[in-house]
Amino acid sequence: MQPARVIGHTRATVKHESLQGRRLVLVQPTGVGEKPDGAPLLVLDELGCRVGDRVMLTSETGPIREMTGFEACPARWSVQGLIDEPTKKKKK
C-alpha cells in the first residue's frame, strides 16, 4: 500500500481492451510529511477520486482483476481507498 495525492486525470483514444470504459488518474506517491516519493504514476480508479484527493494505492493484481474482469491487464496500480483529511477550523 502506498499513499498518494491525485494530480490529474487522463484520456486515451486507444487503450488495452481491459481498460475500455475505465477511469485512469495521475497520482504523485507521497512519503513522510507528504513529500513526493518517486515519479508520478498512472493508476486505475473506480472510486471517482478528484484532483487534490489523498488516496491509498495498491500494486496487488487481485483488485485489478476484480475491477476489470480480465486475468491479464497491463495496469500495475489501482486506487483502493480515499484518505480522510481533518478539516481545519477557522479562527475568529
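For the structure, see preceding data.
First, a word on what this report is: a plain description of the structure on this page. (Residues numbered from 1 in each chain as written. Predicted model: local features only at pLDDT ≥ 70, side-chain atom pairs only at ≥ 80, totals over all residues. Heavy atoms only, no water.)

1. Digging into the pattern of salt bridges
Applying the stated criterion to the full structure yields five salt bridges. Here E34 makes a salt bridge to R5, at a shortest N to O gap of 3.1 Å. Of this pair, E34 sits in the loop between β2 (23-29) and β3 (41-45) while R5 sits in strand β1 (residues 2-9), and the two are 29 residues apart along the sequence. By relative accessible area, which is 33% here, E34 ends up partly exposed. Since its relative accessible area comes to 23%, R5 is described here as partly exposed. A salt bridge links E46 to R22, with the shortest nitrogen-to-oxygen separation between them at 3.3 Å. Taken together, the residues E46 in the loop between β3 and β4 (54-58) and R22 in the loop between β1 and β2 connect sequence positions 24 residues apart. Residues participating in the shared-partner salt-bridge network are R5, E34 and R54. (Salt bridge = Lys/Arg side-chain N within 4 Å of Asp/Glu carboxyl O. Helix = DSSP H or I, 4+ residues; strand = E, 2+ residues; numbered from the N terminus. Buried < 20%, exposed > 50% of the residue type's maximum accessible area, 1.4 Å probe, protein only.)

2. Regarding the pairing of β4
Where burial is concerned, most of β4 is hidden: four out of the five residues are buried. As defined by bridge partners, β1 adjoins β4 across four bridges and the pair is classed as antiparallel. Considered in β4, the bridge of R5 is made with R54. Relative to strand β5 (residues 78-82), β4 runs antiparallel, the two sharing four bridges. By the bridge assignment for β5, L57 is matched with V79. (Pairing = 2+ DSSP bridges.)

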